[in-house]
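Residue strings, one per chain:
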Number of protein chains: 2
Amino acid sequence: MRILITAGPTREYLDDVRYLSNASSGQMGYALARSAIQAGHEVALVSGPVILPPPEGCEVFQVETTDEMFAQSEKLFSECDGVIGTAAVCDYRIKTRKAGKIAKTGEAISLELVETIDVLAELGTQKGNRWVIGFALESQDARFNAVRKLYSKKCDAIVLNGVSAIGSTENYVEVIDQTQKTVATYSGEKAQVADSLIAWIQEHIVAK
Amino acid sequence: MRILITAGPTREYLDDVRYLSNASSGQMGYALARSAIQAGHEVALVSGPVILPPPEGCEVFQVETTDEMFAQSEKLFSECDGVIGTAAVCDYRIKTRKAGKIAKTGEAISLELVETIDVLAELGTQKGNRWVIGFALESQDARFNAVRKLYSKKCDAIVLNGVSAIGSTENYVEVIDQTQKTVATYSGEKAQVADSLIAWIQEHIVAK
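Everything quoted here is computed from the prediction, not taken from an experiment.

**Q** Would you mind going over the packing of aromatic side chains with me for this structure?
**A** Where two aromatic rings form a pair, the distance of their centres and the angle of their planes describe that pair. All names here are of chain B. Across all of its chains, the model carries two aromatic pairs over all chains by this definition. For the ring pair tyrosine 13 and tyrosine 19, a centre distance of 5.2 Å and an interplane angle of 75 degrees mean the geometry is edge-to-face. Exposure class is identical for tyrosine 13 and tyrosine 19. Each is buried. Against the face of phenylalanine 77 rests arginine 130, its NZ or CZ located 4.1 Å from the ring centre.

The following block contains the structure:
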């Protein structure tokens with residue numbers, strides 16, 4: 001089986017220096033890539049800027065912006081059996097990026113942010129026979145928002161985690177499938193959680 | 001001699017997940033800390049979020065936002081002989097930070113950004129007998145802007161570098177002193193540039 005995994009943050013620039021991003025470390029996605037390879041699968045990993053070494057035996061595609069992540073992922077998805085979207089995509093971009101570095105003037109500046117493309121939702125609309133596993137990072141109304149994303153992104157299942165997962169080596173996750181129920185929970189080091197998630201996907205998504 | 005060095009980026013949050021920042025790696029500041037220690041000085045290093053190991057023999061103070069960097073630096077400055085400000089401070093913050101994680105609605109959002117405190121300029125106003133070395137990262141009108149910052153931040157000298165320095169292991173710098181002229185240029189690995197800069201400061205700023 002060949003699996004597409006997205007990982008890490010993306011960046012959306014205001015000017016040549018400043019950008020909007022988040023503290024995603026990419027650890028969950030890289031751990032899933034390692035687990036999937038150990039389980040005998042091929043992995044194409046599309047990664048935003050992180051400082052992790054590429055997992056052994058894994059094709060890694062480096063991207064920076066959300067548009068780049070989408071373009072690379074779409075290209076790879078056609079040759080994959082499914083996708084796991086762990087990337088903490090920067091889902092707003094600055095409407096009008098400035099050239100150079102905006103110089104301070106003492107005045108406030110007003111920025112208009114528009115939504116970036118929803119990478120996983122786009123892949124969801126193109127899925128056909130392929131499976132799609134999403135990740136939802138929620139701070140409030142967590143299960144409600146996760147189920148909403150499960151449908152809007154056409155996921156087979158969605159993995160819910162909290163804000164405390166960002167940058168941490170550990171994670172607590174709930175797997176919600178199309179019954180809208182939590183059907184599995186895993187906690188511990190991200191490497192262990194990744195092993196469990198790959199096994200769960202194999203048993204409950206791929207085998208069906 | 002005891003030297004205060006600021007390094008790395010700072011982050012300014014929109015909500016609990018998203019922030020404004022830049023790709024500063026902290027390498028120049030950490031290299032200067034190492035060079036200064038090797039030259040027999042004490043260093044207090046105030047660092048934004050970077051992934052570098054703390055230089056041996058260096059007190060490191062981790063901060064995240066610009067306000068935190070200022071508060072920590074001000075506290076330390078009173079017991080130092082001078083400051084080298086290499087930090088690529090996030091010089092805008094979001095006027096009204098939201099709690100939780102802003103949920104996407106499909107609509108554009110408008111953000112008001114206000115300037116953060118100018119860490120080095122504030123230390124400059126408090127300098128008394130102490131010396132202040134600034135760094136200017138400029139994309140256009142570079143020397144003009146560097147000289148403007150030299151005065152507005154009450155620096156004894158300012159080190160000018162270009163946007164290509166961000167995240168790079170190498171650097172090309174010009175040292176501009178109060179004559180408004182470039183009095184030294186150094187290029188190469190940041191570790192070498194740091195050695196040269198510490199020697200220059202020792203000879204031209206401290207010895208005078």
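Moving on from the model shown.
**Q** Would you mind showing me how to read the pairing of strand 6 (residues 82–85) of chain A here?
**A** Two faces make up the sheet, and in a regular strand the side chains alternate between them. Residue and element names in this part refer to chain A. Side chains Gly82 and Ile84 of strand 6 all project onto a buried face; the interleaved residues Val83 and Gly85 project onto the opposite face, where all are buried too. Inspection of the sheet shows strand 6 paired to strand 9 (residues 131–138) by four bridges, in the parallel sense. The residue bridging valine 83 from the neighbouring strand is valine 132, located in strand 9.

**Q** Is there a simple way to explain the sheet that holds strand 7 (residues 92–94) of chain A in this structure?
**A** Two strands in a sheet stick together by hydrogen bonds in their backbones, pointing the same way (parallel) or opposite ways (antiparallel). Taken together, four strands build an open sheet; the order of strands is 7(A)-8(A)-8(B)-7(B) and the sheet is antiparallel. A single partner strand is all that each edge strand has here, and the edge strands are strand 7 of chain A together with strand 7 (92–94) of chain B. With strand direction ignored, the average angle separating the axes of adjacent strands in the sheet is 40 degrees. Looking at chain direction, strand 7 of chain B and strand 8 (residues 109–115) of chain B are connected through three bridges and run antiparallel. Along strand 8 of chain B, the bridge assignment pairs B:Tyr92 with B:Glu115.

**Q** Just checking my understanding: could you explain the environment of A:Ala108 for this structure?
**A** Checked against the element boundaries, A:Ala108 lands in the loop between strand 7 and strand 8 (109–115). Residue classification places A:Ala108 among the partly exposed positions, given a relative accessible area of 36%. With residues up to four places along the chain from it excluded, the contact list for A:Ala108 reads B:Glu112, B:Leu113 and B:Val114.

**Q** How should I be thinking about the relation of the copies chain B and chain A in this particular structure?
**A** Here the second copy of the chain follows from the first by a rotation about an axis and a shift along it. With an RMSD of 0.0 Å, chain B superimposes on chain A once it is rotated by 180 degrees and translated 0.0 Å along the axis. Here the transformation between the copies is reduced to the relation of a two-fold axis. Here 100% of the interface residues in chain B have copies in chain A that are interface residues too; the copies meet face to matching face.

**Q** I tried to follow the side chain of A:Thr10 on my own but got confused; where do I start?
**A** Residue and element names in this part refer to chain A. Along the chain, threonine 10 falls in the loop between strand 1 (2–7) and strand 2 (12–13). Reaching out from threonine 10, the side chain makes a polar contact with the side chain of threonine 66 at a distance of 2.8 Å. Polar side-chain contacts of threonine 10 include one of 2.7 Å to the backbone nitrogen of cysteine 90.

**Q** Sorry, what's going on with the interface of chain B and chain A here?
**A** Size of an interface: often given as the accessible area lost when the parts come together. Taken together, the contacts link 38 residues of chain B with 38 residues of chain A. For the chain B and chain A pair, buried surface summed over both sides reaches about 3,300 Å², with 55% attributable to carbon and sulfur atoms. The largest share of the area that chain B buries against chain A comes from B:Tyr92, B:Lys101 and B:Lys104, three residues that together contribute 19% of it. Summed over the shared surface of chain B and chain A, the number is four salt bridges. Ionic pairing is found between A:Lys104 and B:Asp118, a salt bridge with its closest N-O pair at 3.8 Å. In this structure, the connection of chain B to chain A is made through 19 residue pairs in polar contact (both at pLDDT 80 or more). Elements that contribute at least two residues to the side of chain B that touches chain A include exactly strand 3 (18–22) and strand 8 of chain B.

What counts, and at which threshold
Residues numbered from 1 in each chain as written. Chains lettered and ligands numbered in written order. Predicted model: local features only at pLDDT ≥ 70, side-chain atom pairs only at ≥ 80, totals over all residues. Heavy atoms only, no water. Phe/Tyr/Trp six-rings, centres within 6.5 Å; stacked < 30°, edge-to-face > 60°. Buried < 20%, exposed > 50% of the residue type's maximum accessible area, 1.4 Å probe, protein only. Lys NZ or Arg CZ within 6 Å of the ring centre and 35° of its normal. Helix = DSSP H or I, 4+ residues; strand = E, 2+ residues; numbered from the N terminus. Pairing = 2+ DSSP bridges. Axes fitted to C-alpha atoms, helices over the stretch in contact; angles between N-to-C directions. Contact = heavy atoms within 4.5 Å. Least-squares fit on C-alpha atoms with pLDDT ≥ 70 in both. Polar contact = N/O pair within 3.5 Å; in protein donor to acceptor, adjacent residues only side chain to side chain. Buried area = accessible area lost by both parts, 1.4 Å probe. Salt bridge = Lys/Arg side-chain N within 4 Å of Asp/Glu carboxyl O.

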